Amino acid sequence: MSSVSETPSIFSEHAWIRDLNTKRHRYLDALDGAIPWRRLIRALVPIYPKGVRGRTPIPLESMIRLHVYQLSCSLSDQQAIDDMVENRLVEAFCAWDITQRSSLHRSTLGRFRKRLKSHAQDALFTEVVAEAHRSANLERPTH
């Protein structure tokens, strides 16, 4: 697994973030660069809902990013969602636009984890996050 970023930083799209110099910004920026996002997306595309029936699913990349954030910070479903809703930096990291997408309930994140587990993909996330922390020498942020 490479520690080199596969894509430009998610924060490069947001001018207001580039000038930040907080612990959380540095942590999330390093995490963003250490996670193989394309690998995770490719692994989950076949098992993620296509939106043929029922509600339109939350974009896969946003769900992946939220789950990585949750695992990286050892948060409950509700804590991860609260962080994303209350902190614009976390919202940007999760590629989430709260004004344009439906609200996210903790059960949505729980169902996502259940889907990962039923398709034996949950270990992939644990492995990827642990490797990112090792390769980028990251310490979990404190809340």
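Residues numbered from 1 in each chain as written. Predicted model: local features only at pLDDT ≥ 70, side-chain atom pairs only at ≥ 80, totals over all residues. Heavy atoms only, no water.

1. What to know about the overall build of the protein
A count of helices and strands for the protein gives 8 helices and 0 strands. When the helices and strands of the protein are listed from N to C terminus, the series reads α-α-α-α-α-α-α-α. For the protein, with 143 residues in total, the buried portion stands at 39%. Sequence-distant contacts, at least 24 apart, represent 74% of the contacts inside the protein between residues at least 6 apart. (Helix = DSSP H or I, 4+ residues; strand = E, 2+ residues; numbered from the N terminus. Buried < 20%, exposed > 50% of the residue type's maximum accessible area, 1.4 Å probe, protein only. Contact = heavy atoms within 4.5 Å.)

2. Some details on helix α3 (residues 37-44)
Burial in α3 covers these residues: Trp-37, Leu-40 and Leu-44. One side of α3 carries all its buried residues, which in axial view fall inside an arc of 70°. Looking at the buried side of α3, the elements it contacts are α2 (23-34), α4 (60-73), α6 (88-93), α7 (106-118) and α8 (122-135). (Arc of directions from axis to C-beta.)

3. Some details on the pattern of salt bridges
Throughout the structure, instances matching the rule amount to 6 salt bridges. Between Arg-65 and Glu-61 there is a salt bridge, with the nearest N and O atoms lying 2.9 Å from each other. Of the two residues, Arg-65 and Glu-61 both sit in helix α4, 4 residues apart, roughly one turn of that helix. What makes Arg-65 buried here is its relative accessible area of 2%. (Salt bridge = Lys/Arg side-chain N within 4 Å of Asp/Glu carboxyl O.)

4. Quick word on the packing of α3 against α4
Here α3 crosses α4 at 115°, and the two axes come no closer than 10 Å. When the axes of α3 and α4 are compared, the crossing they make is right-handed. On α4, the residues touching Trp-37, Leu-40, Ile-41 and Leu-44 of α3 are Leu-60, Glu-61, Ile-64, Arg-65 and Val-68. In terms of residue class, the contact of α3 with α4 is built from 7 nonpolar, no polar and 2 charged. (Axes fitted to C-alpha atoms, helices over the stretch in contact; angles between N-to-C directions. Left-handed = near helix turned anticlockwise from the far one by under 90°. Nonpolar A, V, L, I, M, F, W, Y, C, P; charged D, E, K, R; others polar.)

5. Looking at α4
Taking 1.5 Å per residue, 14 residues should reach 20 Å; α4 reaches 20 Å between its end C-alpha atoms and fits that length. Across the 14 residues that make up α4, a large majority, 12, are buried. Phi turns positive, to about 55°, at Ser-74, one or two residues after α4. (Expected span 1.5 Å × (residues − 1).)

6. Focus on the packing of α2 against α8
Here α2 crosses α8 at 115°, and the two axes come no closer than 9 Å. Like other packed secondary-structure pairs, α2 and α8 cross with a definite hand, here right-handed. For the pair α2 and α8, contact is made by Tyr-27, Leu-31 and Ala-34 and by Ala-132, His-133 and Ser-135, respectively. Among the residues making up the contact of α2 with α8, the classes are represented as 4 nonpolar, 2 polar and no charged.

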